[in-house]
Amino acid sequence: MHDSVAMHPRLASSCAGPALAPPLRRAALSSALRHPHLASASASRLRLRLRSELGSKPPLAFASASAVLARSAVPVVWCRPEGATSLPKGGGDRLPRSRPLRHQQRPTINITMDLLGDIGHTDQLTSAREENRVLQAKVKELAVRVHELKAENEALKAEVEMYREDFAAGRLTSRAGDGGGGGGEGGDDGDGGESKEALVDDGADAFVTSGDGVYPSDPAVTLPAIHATANPLCCALNADDSLLATGGADAIVKLARWGSALAPGEDSSVKAVEDAVAVSCGAPVICCAFAQVEKGRGLPVVAAGCMDGSVKLVYCGFNEDAPKDRVLKSQLDDGHGIKHTKYVKNVCWSPTAPLVASASADGTVQLTRVENLDSEAATVSFEVVKSMHFDGAVESMCFLDDGDTLCCYVRGTAYLSYFDLKDECKQSKMSLNEGSTGTGGFDDHVSFAVLSLLPSPDGKYLAAATDTSRNIIMEAGTDRIVRNLYGHKNDGFSNPKIAWSSNGQYLFGNSQDESCVCVWDIASASIVKRLGEDSGGHDGLVRDIYSSKNTDTLASVSFDRTAKIWLCEM
């Protein structure tokens, strides 16, 4: 007879034979208990069961069983001749062979032990789950830390602003004290008078009183699908506000007489779009601006800055002899126009001369004089007055002092650059970190970029739209920050745009998380209205805005593919 006993991890069976079974059983249990697979948490129950099987007695060590189980968990078979009661001493693997049994069938007891087969797979799954649980807890911990760091960052920003304001206030107090000390109660009125005049000229009280409530807030005209299925990217009004120019991602400049949309009839807006003149520019139009030569009179040309680095000059007159191809070419027929190596960031015209400035992502600013316009031949003469080169992209610029000064912001800098066009473009720098000029570098850290820059209607102040949800009102030509405007959201991936009201009391701006135009009262530095969808505004993010310098007229274009003209409420 043969008898076999299979040893399973649950050890449900027992070995046969009064002498063989207990030693082999204890050897298997002892070796399995020492196996490294049983060191994990998943094998805790089995270990307890094995310990209960062994009890408090010292386990028997069989070299064969220990060696085999230590190397592998494959089934192991011990064989003995029929009638033998135990394994040979020393725990050898080989059993002595008996001659009488040579030609007989040797009875064996097969003890199959597969103690760890299932434990390995279960242990791996449990370990993976445990690691996943630990990683999830770590992710939650890091998310909390990120939130805390963001809060600390905002607090530090507020603290920096507070220090800057305190520093500026201390500087003004010092200046006032110096002036007052020079005269005293019975002293020289000259020194004291100069000091008081300096304080008044400093612009500290320019925005004391709130605005009069007069600003465009009525969406009087909506031009649907101004660029068909493409998004409009920029807009501008001509000198008398009668003509709207828009540039789109379809590489077209549209010239629309928006006033015709005010005519009675439901389809008047659609007809105004159909009647608009479309001029192909060969590349998406990022920015546009009408020429303004002398106040109140305009040159019938609009400059369009394109994605391919070119600046197209488009004839915008509506006379009978207007050319079919409105893109003006050089009279020299040399193919030379206004060209940069990278896309154009900004274009602007001098208010008193036919001089256009173009800024590019390649770090260049080009000043070009445009003269000798021939509308019938669609030609014009180009003269490059000055080319300037910078280390970073020129993000924004504007003319000041009736066109005698050009102000630029270059990415990666903490200052505005002023160029005196009457003195060979002599450069002066004014820090954007208030109070740093003349203090040995109070704060030279670049904490934001100025992506839009516009002068106030009187030219005394600058409005700067940054990529940190902050619009700044500065005194032109100085580092003095008059107001900080918050309440919207703009970051480095947005296109913040701003525009002054015609009375200089309000500032318009867009936001990357709202389909509206925000209206700030500069004196109180607060948003007084949001011109959004509930007010008849856009239902998509606002891409660009333009405010007239002469009338209360505001133009806006949006990713809802419409252009709107805002007027004052009647």
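A short tour of the structure in this document, coming up. (Residues numbered from 1 in each chain as written. Predicted model: local features only at pLDDT ≥ 70, side-chain atom pairs only at ≥ 80, totals over all residues. Heavy atoms only, no water.)

## Things to note about the side chain of Asp241
- Tracing the backbone through its elements, the reader meets Asp241 in the loop between strand 4 (232-237) and strand 5 (244-248).
- At 8.3 Å, Lys549 is the nearest oppositely charged side chain to Asp241, a buried residue that forms no salt bridge.
- Residues within four places of Asp241 in sequence aside, it is in contact with Trp258, Ser548, Asn550, Thr551 and Thr553. (Helix = DSSP H or I, 4+ residues; strand = E, 2+ residues; numbered from the N terminus. Buried < 20%, exposed > 50% of the residue type's maximum accessible area, 1.4 Å probe, protein only. Lys, Arg positive; Asp, Glu negative; His and termini not counted. Salt bridge = Lys/Arg side-chain N within 4 Å of Asp/Glu carboxyl O. Contact = heavy atoms within 4.5 Å.)

## Digging into the nonpolar core
- By size, the foremost hydrophobic cluster in this structure holds 36 residues, and its most contacted members are Leu223, Leu244 and Leu255.
- For this core, the element with the highest residue contribution is strand 4, accounting for 4 residues.
- Apart from the residues lying within four places of it in its own chain, the contact partners of Leu255 are Leu243, Leu244, Ala245, Ala276, Val277, Val302, Val314, Tyr315, Cys316 and Phe318. (Core = buried A, V, L, I, M, F, W, Y, C linked by side-chain atoms within 4.5 Å.)

## So, the sheet that holds strand 27 (residues 514-521)
- With respect to topology, 4 strands assemble into an open sheet ordered 25-26-27-28, the strand pairing being antiparallel. At either margin of the open sheet sits one strand with a lone partner, and together these are strand 25 (498-500) and strand 28 (526-531). Across the sheet, the axes of successive neighbouring strands diverge by a mean angle of 25°, strand direction being ignored.
- Bridge count for strand 26 (residues 506-511) against strand 27 is 6 bridges, and the pairing is antiparallel. The partner of Asn510 across the bridge, within strand 27, is Val517. (Pairing = 2+ DSSP bridges. Axes fitted to C-alpha atoms, helices over the stretch in contact; angles between N-to-C directions.)

## Some thoughts on the side chain of Ser548
- Mapped onto the secondary structure, Ser548 falls in the loop between strand 29 (542-547) and strand 30 (553-558).
- Here the side chain of Ser548 touches Asn550 through a polar contact of 3.1 Å, landing on its backbone nitrogen.
- The contacts of Ser548, once residues within four sequence positions are left out, are Leu237, Asp241, Ser502 and Thr553. (Polar contact = N/O pair within 3.5 Å; in protein donor to acceptor, adjacent residues only side chain to side chain.)

## Some points on the pairing of strand 9 (residues 301-306)
- The buried fraction of strand 9 amounts to 6 of the 6 residues, a majority that puts the element mostly inside the structure.
- Alternating positions in strand 9 separate into two faces, Val301, Ala303 and Gly305 on one and Val302, Ala304 and Cys306 on the other, with burial throughout.
- Where strand 8 (residues 285-290) lies against strand 9, 5 bridges are found, and the strand directions are antiparallel. Opposite Cys288, over in strand 9, you have Ala304 as the bridge partner.
- Bridging between strand 9 and strand 10 (residues 310-315) involves 5 bridges; their strand directions are antiparallel. Counterpart to Ala303 in the pairing with strand 10 is Leu313.
- Linkage of strand 9 to strand 10, two consecutive antiparallel strands, is achieved through a turn of 3 residues, within which Gly309 is found at a positive phi near 90°.

## A look at the layout of surface pockets
- Its volume calculated, the second largest pocket comes out at about 410 Å³.
- Taken together, 21 residues form the lining of the second largest pocket, with Lys157, Glu161, Ser447, Thr468 and Arg470 sitting closest to its centre.
- When the residues that make up the lining of the second largest pocket are grouped by side-chain class, the tally is 5 nonpolar, 8 polar and 8 charged. (1 Å grid on protein atoms, 1.4 Å probe; cavity = no way out; pocket = protein on both sides within 12 Å on 5 of 7 lines; lining within 4 Å. Points joined across faces, edges and corners; volume = space filled by probe spheres on them. Nonpolar A, V, L, I, M, F, W, Y, C, P; charged D, E, K, R; others polar.)

## A few points about the state of the cysteines
- All told, the structure shown has 0 disulfides when counted by the stated rule.
- This cysteine, Cys408, is not joined by any disulfide, and Cys407 carries the nearest cysteine sulfur, 6.6 Å off.
- Judged by relative accessible area, Cys408 falls into the buried class, the value being 0%.
- In this model Cys518 remains outside any disulfide bridge; the closest cysteine sulfur is found in Cys516, 4.1 Å from its own. (Disulfide = S-S within 2.5 Å.)

## Observations concerning the pattern of salt bridges
- Scanning all chains against the criterion turns up 12 salt bridges.
- Salt-bridge contacts for Glu148 lead to Arg145; the nearest nitrogen and oxygen are separated by 3.3 Å. Of this pair, Glu148 and Arg145 both sit in helix 4 (residues 117-183), 3 residues apart, which is roughly one turn of that helix.
- The closest approach of N and O atoms between Arg530 and Glu514, which form a salt bridge, is 2.8 Å. Separated by 16 residues along the polypeptide, Arg530 in strand 28 and Glu514 in strand 27 bring together distant segments of the chain.
- Each of Arg145, Glu148 and Glu152 takes part in one network of salt bridges that share partners.

## A word on the environment of Thr379
- When you line up the elements, Thr379 lands in strand 16 (residues 379-389).
- Between the C-alpha atom of Thr379 and that of Ser330, which follows or precedes it by 49 residues, the distance is 5.5 Å.
- Contacts of Thr379, omitting those with residues within four sequence positions, involve Leu328, Lys329, Gln331, Asn372, Leu373 and Asp374.

## Details of the packing of aromatic side chains
- Scanning the model with the defined rule gives 3 aromatic pairs in all.
- Relative to Phe419, the ring of Phe390 has its centre 5.8 Å away and its plane inclined at 65°; by these criteria the two rings are edge-to-face. With Phe390 in the loop between strand 16 and strand 17 (394-400) and Phe419 in strand 19 (residues 415-420), this pair connects stretches of sequence that are 29 residues apart. (Phe/Tyr/Trp six-rings, centres within 6.5 Å; stacked < 30°, edge-to-face > 60°.)

## A few points about unusual backbone geometry
- You will see that Ala228, though not glycine, has its phi angle at about 55°, which is positive.
- With respect to the secondary-structure elements, Ala228 resides in the loop between strand 3 (218-223) and strand 4.
- Phi is positive for Asn372, which is not a glycine, with a value near 55°.
- Looking at the secondary structure, you find Asn372 in strand 15 (residues 364-374).

## Focus: the sheet that holds strand 20 (residues 426-431)
- Here we have 4 strands laid out as an open sheet, ordered 17-18-19-20, and antiparallel in their pairing. Of all strands in the sheet, those bounded by a partner on one side alone are strand 17 and strand 20. For this sheet, the mean angle separating the axes of adjacent strands, direction not counted, is 25°.
- In the sheet, strand 17 pairs with strand 18 (residues 405-410) via 6 bridges, with the strands oriented antiparallel. Paired with Cys398 across the two strands is Cys407, which belongs to strand 18.

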